[in-house]
Amino acid sequence: MFSKCLENVRSKAPLVHCITNYVTVNDVANVILACGASPVMADDPCEAGDITAICDGLCVNIGTLNSMTIEAMRVACARAQALKHPMILDPVGAGASRLRTDTARKLLDDYDFTAVRGNMSEIKALASGSNDTRGVDCSGLDAVCKDNLDDAVGFVSGFAARENLTVAVTGAIDIVSDGRTSIAIYNGRPEMGRITGTGCQLSGMTTACVAADMISDAGSAGTVFAVAAAVSSMGVCGETAYANLKEGEGNATYRNRIIDAIYNLSGEELDGRCRYEIR
Amino acid sequence: MFSKCLENVRSKAPLVHCITNYVTVNDVANVILACGASPVMADDPCEAGDITAICDGLCVNIGTLNSMTIEAMRVACARAQALKHPMILDPVGAGASRLRTDTARKLLDDYDFTAVRGNMSEIKALASGSNDTRGVDCSGLDAVCKDNLDDAVGFVSGFAARENLTVAVTGAIDIVSDGRTSIAIYNGRPEMGRITGTGCQLSGMTTACVAADMISDAGSAGTVFAVAAAVSSMGVCGETAYANLKEGEGNATYRNRIIDAIYNLSGEELDGRCRYEIR
Amino acid sequence: MFSKCLENVRSKAPLVHCITNYVTVNDVANVILACGASPVMADDPCEAGDITAICDGLCVNIGTLNSMTIEAMRVACARAQALKHPMILDPVGAGASRLRTDTARKLLDDYDFTAVRGNMSEIKALASGSNDTRGVDCSGLDAVCKDNLDDAVGFVSGFAARENLTVAVTGAIDIVSDGRTSIAIYNGRPEMGRITGTGCQLSGMTTACVAADMISDAGSAGTVFAVAAAVSSMGVCGETAYANLKEGEGNATYRNRIIDAIYNLSGEELDGRCRYEIR
């Protein structure tokens with residue numbers, strides 16, 4: 001199932017418009033290229049609509065947002081929605097400042113996003129409007145583990161149903177749900193949290209997978225599976241890259257090797273190594 | 001010939017002011033350092049003139065342009081022109097949005113650029129004012145190959161003559177022309193297109209080569225050769241880096257190895273491995 | 001002594017708010033993660049205060065400053081000062097433009113910075129208000145060597161005393177002084193200057209070390225030692241990474257290996273390899 005989603009990206013090579021933070025933007029671009037799609041970044045309101053129009057999907061990431069880029073996000077979302085392009089939101093740091101929480105919440109209220117991807121603290125901030133995220137990392141209290149998995153799936157599924165979109169909450173265990181189908185994914189490594197931007201990269205790749213799914217010649221596998229394929233791909237590649245680390249290597253090399261692994265990931269390998277359950 | 005241009009960069013260590021997109025800026029800075037020059041980035045109109053004044057060359061790249069950076073580009077261009085500094089334009093995504101096409105076109109109209117470097121779709125958009133580039137990549141229809149090389153050289157040469165500058169169109173076959181001398185360059189690897197920003201990096205290195213050529217103690221080799229030396233250097237290093245890739249490595253490591261190869265490229269190696277013909 | 005400062009970062013994992021340039025921001029984030037802290041970047045004045053408030057330290061870097069980010073710096077500094085958070089200034093390119101010199105000088109005048117880290121040309125520009133730095137690199141005339149070390153220590157110590165903060169001037173020999181204790185540090189490699197942003201990275205790690213020192217359970221080692229620990233760590237890791245470079249590798253791989261080395265640096269190794277003297 002996941003292999004088909006990845007192969008769609010390779011065969012359709014969707015063009016992905018990213019309005020994303022400047023901290024991790026280069027890695028986002030390289031991950032989008034690694035998975036077989038093509039990135040374009042444009043964040044001036046004067047061209048955000050034009051660029052969205054020539055693309056197959058839109059990725060909105062609120063890290064390092066400002067008044068100009070917020071306006072560009074709104075212009076791009078309006079255009080993507082009019083064109084029925086898939087739109088993915090990454091609410092980086094929602095809960096860490098009023099500006100981030102409110103901007104993400106208002107984007108969700110005003111536009112029909114296809115999917116949202118964040119850590120549990122960010123998604124809880126979106127769900128509750130609360131504002132107590134510790135920076136851009138997930139609070140320890142919010143971490144998903146075996147013991148609280150049922151509750152977490154219930155929360156994510158409920159939020160997805162209420163917002164009428166697909167939600168991906170990533171962490172030690174990832175949960176992807178559209179309110180009907182919920183998938184728990186067990187791939188990945190804790191050391192991925194020591195690299196800046198693995199979440200942003202995943203949001204870029206998720207947009208590529210969802211966009212390719214929608215324009216697939218073979219018909220859509222469904223957004224929830226396209227999102228889960230991206231989440232699982234990132235996790236599998238985090239494992240591959242970790243296994244390849246040599247003594248003395250650290251987070252900088254690990255970052256490169258994850259992107260390299262995405263570049264080389266085959267659909268067959270993904271299907272063989274993904275670990276998930278439908279819940 | 002090319003070796004002299006590269007060695008000039010190493011001996012003169014020109015300071016290069018880049019107003020460039022935030023997607024690939026870090027790689028641009030590291031490539032400029034790798035080839036022996038020194039980068040400085042400043043894009044507030046309040047300081048763009050001051051920074052240009054202390055530099056030896058200006059690289060203007062319109063990826064992720066916005067109203068503030070467009071104004072900074074104009075301030076910097078005016079100062080560079082007054083000081084007779086070389087000015088290189090990279091029209092990233094010209095043809096993909098009205099803002100990009102018009103901004104690049106207006107910069108060319110208003111200032112005396114020394115050289116322009118882009119892919120064929122971008123250069124065609126500049127030449128025609130048309131607006132149908134697919135994002136920041138070259139359209140397949142525009143790709144230069146053996147069969148259409150004569151026509152392509154004619155187009156590039158004509159555009160260079162009309163605009164009175166040196167034009168570099170890079171792709172499977174690169175063409176550099178100042179309207180009198182035209183050079184086709186055959187170095188490079190198609191996999192370079194799977195890395196974000198190899199074009200931006202090349203524009204940065206081109207600025208370093210042209211600036212060093214102008215201040216060379218041995219006299220100028222001519223801008224068209226300085227540009228061609230940069231283009232060929234990038235292609236040779238793309239080949240070197242590709243040959244060094246190990247199993248499991250992908251575009252992230254390839255990116256690093258290309259910059260590494262530029263760092264280690266000698267003039268002698270460049271002269272031995274460049275493949276070009278004067279047409 | 002230095003080991004304690006590094007271990008504090010690992011045990012306290014301080015959250016560091018960086019308002020920093022977009023050229024090197026990704027490396028700054030990865031270095032902060034590598035040393036055991038956590039970065040968050042926010043540069044819109046609307047949220048700069050909120051983000052500062054949830055952090056343990058503030059790093060202000062004036063590379064690629066603009067009118068919006070200058071305002072964000074001021075908002076963040078005011079909040080950090082009110083909360084008695086450590087504040088570190090990196091005056092990138094002070095002396096290269098009037099905007100940079102004046103912005104850095106005014107930040108120092110208006111807020112109680114804990115420490116400043118720059119190259120000698122930048123620090124001299126701050127001390128004198130003069131404006132003749134060559135871009136973002138140290139002028140050769142300003143380089144610290146054995147022959148002028150006494151004078152340089154005197155200058156740095158005097159500037160620190162006058163400004164009532166800790167000053168780190170980094171170069172071939174690094175000098176850290178709070179006006180009472182002055183430390184000369186001999187770690188590092190000249191090739192680090194061929195990588196963009198090693199200074200920016202160090203300023204980020206310095207903020208992590210100073211913030212961790214202030215909230216250490218074992219009591220503060222003193223800011224001058226926390227800063228010196230960061231400076232020495234970067235130098236030691238520059239040496240480690242250089243020793244690990246293989247034939248054909250250059251500045252891109254060197255950059256990654258330095259961050260990797262920080263990731264793997266133990267307190268014991270730091271104490272065994274740091275080379276410094278109290279002067």
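Cut-offs used in this document
Residues numbered from 1 in each chain as written. Chains lettered and ligands numbered in written order. Predicted model: local features only at pLDDT ≥ 70, side-chain atom pairs only at ≥ 80, totals over all residues. Helix = DSSP H or I, 4+ residues; strand = E, 2+ residues; numbered from the N terminus. Buried ≥ 20, exposed ≤ 12 C-beta atoms within 10 Å, placed from the backbone. Contact = placed C-beta atoms within 7 Å. Least-squares fit on C-alpha atoms with pLDDT ≥ 70 in both. Nonpolar A, V, L, I, M, F, W, Y, C, P; charged D, E, K, R; others polar. Pairing = 2+ DSSP bridges. Axes fitted to C-alpha atoms, helices over the stretch in contact; angles between N-to-C directions. Parallel < 35°, antiparallel > 145°, perpendicular 65-115°, else oblique. Expected span 1.5 Å × (residues − 1). Left-handed = near helix turned anticlockwise from the far one by under 90°. Right-handed = clockwise from strand over helix to strand, strands pointing away. pLDDT = per-residue confidence, 0-100.

## What about the overall build of chain A?
Each helix and strand counted, chain A has 11 helices and 9 strands in total. For chain A, the residues scored as buried account for 67% of the 279 residues in total. A fraction of 76% describes how many contacts in chain A between residues 6 or more apart in sequence connect residues 24 or more apart.

## Overview of the relation of the copies chain C and chain A
Between chain C and chain A, the superposition needs a rotation of 120° and an axial shift of 0.0 Å, giving an RMSD of 0.0 Å. In short, the pair behaves as if placed about a three-fold rotation axis. Ranked by how close their C-alpha atoms come to the rotation axis, the residues of chain C are headed by Y22(C), at 3.7 Å. The share of interface residues of chain C whose copies in chain A are also at the interface is only 11%, consistent with the copies meeting through different surfaces.

## What about the interface of chain C and chain A?
Chain C puts 27 residues into the contact, and the matching count from chain A is 29 residues. Of all the secondary structure elements, the ones that give two or more residues to the side of chain C that touches chain A are α2 (25-34), β2 (38-41), α3 (45-54) and α10 (251-264) of chain C. The residue inventory of the side of chain C that touches chain A, partitioned by class, reads 16 nonpolar, 6 polar and 5 charged.

## Notes on the pairing of strand β7 (residues 174-177) of chain B
All names here are of chain B. Where burial is concerned, the two faces of β7 agree: the one with D174 and V176 and the one with I175 and S177 are both buried. By the bridge criterion, 3 bridges tie strand β6 (residues 166-169) to β7 in an arrangement that is antiparallel. Residue pairing across strands places V167 opposite S177, the latter belonging to β7. The loop that links β6 with its antiparallel partner β7 comprises 4 residues. The sheet contact formed by β7 and strand β8 (residues 182-185) spans 4 bridges and is antiparallel. What sits directly across from V176, in β8, is I183. The hairpin turn running from β7 into β8, its antiparallel successor, is 4 residues long, and G179 in that turn takes a positive phi close to 95°.

## Side note on unusual backbone geometry
In this structure, T64(B) takes a positive phi of about 45° despite not being glycine. Among the structural elements, T64(B) can be located in the loop between β3 (57-61) and α4 (67-82).

## Details of the sheet that holds strand β9 (residues 276-278) of chain C
Residue and element names in this part refer to chain C. The sheet built from 9 strands is open, its strands ordered β2-β1-β3-β4-β5-β6-β7-β8-β9 with mixed pairing. With partners counted over all chains shown, the strands left at the sheet margins are β2 and β9, one partner each. On average, adjacent strands in this sheet sit at an angle of 20° to one another, irrespective of strand direction. Here 4 bridges tie strand β1 (residues 15-19) to β2, and the two strands are oriented parallel to one another. Its bridge partner being in β2, H17 is matched across the sheet by V40. Across the sheet, α2 is in contact with β1 and β2; its angle to β2 comes to roughly 150°.

## Points about the relation of the copies chain A and chain B
Screw-axis analysis of chain A against chain B gives a translation of 0.0 Å along the axis, an RMSD of 0.0 Å, and a rotation angle of 120°. Looking at chain A, a mere 11% of its interface residues are interface residues in chain B too, so the copies touch through different faces.

## Points about the interface of chain A and chain B
Interface size, as often reported, equals the accessible area lost upon joining of the parts. Taken together, the contacts link 27 residues of chain A with 29 residues of chain B. Of all the secondary-structure elements, those providing two or more residues to the side of chain A that touches chain B are α2 (25-34), β2 (38-41), α3 (45-54) and α10 (251-264) of chain A. In terms of residue count, the dominant contributor to the side of chain A that touches chain B is α2(A) (6 residues). Here the side of chain A that touches chain B is built from residues that sort into 16 nonpolar, 6 polar and 5 charged.

## A short note on the packing of helix α1 (residues 2-12) of chain A against helix α9 (residues 223-244) of chain A
Two packed helices can be described by the angle between their axes and the distance between those axes. Residues and elements named next belong to chain A. Relative to each other, α1 and α9 sit at 90°, their axes nearing to 8 Å. The pairing of α1 with α9 is recorded here as roughly perpendicular in orientation. Taken together, the residues of α9 that come into contact with α1 (itself represented by F2, C5 and L6) are F225, A226, A228, A229, S232 and S233.

## Topic: helix α9 (residues 223-244) of chain B
Taking 1.5 Å as the rise per residue, α9(B) with 22 residues should run 32 Å; its terminal C-alpha atoms sit 32 Å apart, in good agreement. Burial of α9(B) is extensive: 18 of the 22 residues sit out of reach of the surface.

## Points about the packing of helix α8 (residues 198-214) of chain C against helix α9 (residues 223-244) of chain C
All names here are of chain C. Close contact between α8 and α9 brings their axes to 8 Å; oriented N to C, the two are set at 140°. Taken together, the axes of α8 and α9 lie oblique to each other. Crossing of α8 over α9 shows right-handed handedness. Facing T198, L202, M205, T206, C209, V210 and D213 of α8, the residues of α9 in contact are T223, A226, V227, A229, A230, V231, S233 and M234.

## Considering the sheet that holds strand β4 (residues 87-90) of chain B
Across a sheet, strands are paired by hydrogen bonds formed along the backbone, either parallel or antiparallel in direction. Residues and elements named next belong to chain B. If you walk across this open sheet you meet the 9 strands as β2-β1-β3-β4-β5-β6-β7-β8-β9, and the pairing is mixed. At either margin of the open sheet sits one strand with a lone partner, and together these are β2 (38-41) and β9 (276-278). The mean inter-strand angle of the sheet, taken between neighbouring strand axes irrespective of direction, is 20°. The strands touched by helix α2 (residues 25-34) within the sheet are β1 (15-19) and β2, with β2 carrying the most contacts at an inclination of about 150°.

## Brief notes about the pairing of strand β5 (residues 115-118) of chain B
All names here are of chain B. The alternating pattern of β5 places A115 and R117 and V116 and G118 on opposite faces, both of which are buried. Summarising the sheet, β4 and β5 pair through 2 bridges and their orientation is parallel. From the neighbouring strand, L89 faces β5, where its bridge partner is V116. Remark: the β4/helix α5 (residues 98-110)/β5 crossover connection has right-handed handedness. In the sheet, β5 pairs with β6 via 4 bridges, with the strands oriented parallel. Note that in β6 the partner of G118 across the bridge is V169.

## Considerations on α10(A)
The end-to-end C-alpha distance of α10(A), which contains 14 residues, comes to 20 Å, matching closely the 20 Å that a straight helix rising 1.5 Å per residue would cover. Of all the 14 residues making up α10(A), 13 are buried; the element is thus mostly covered by neighbouring parts of the structure.

## Focus: the environment of G129(A)
Residues and elements named next belong to chain A. If you trace the backbone, G129 turns up in the loop between α6 (120-128) and α7 (149-163). G129 sits in the exposed class, given 12 other C-beta atoms within 10 Å. Along the primary structure G129 and K246 are separated by 117 residues, whereas in three dimensions their C-alpha atoms are 43 Å apart. Other than its neighbours up to four places away in sequence, G129 contacts T101 and R105.

## As for the environment of I185(A)
Residues and elements named next belong to chain A. Checked against the element boundaries, I185 lands in strand β8 (residues 182-185). Taking the C-alpha atoms as reference, I185 lies 23 Å from D27; in sequence the two are 158 residues apart. Aside from chain neighbours lying at most four places away, what touches I185 is D174, V176, A228, V231, S232, G235 and Y276.

## A few points about the confidence of the model for chain A
Looking at chain A as a whole, its pLDDT mean stands at 96, while 98% of the residues score no less than 70. For this predicted complex, the interface score ipTM comes out at 0.96, while the overall pTM is 0.97.

## Some remarks on the environment of A80(A)
Residue and element names in this part refer to chain A. Counting through the fold element by element, A80 comes out in helix α4 (residues 67-82). Sequence spacing of A80 and Y22 is 58 residues, and the spatial spacing of their C-alpha atoms is 22 Å. Each residue touching A80, except ones within four places of it in the same chain, is listed here: T52, L58, H85 and M87.

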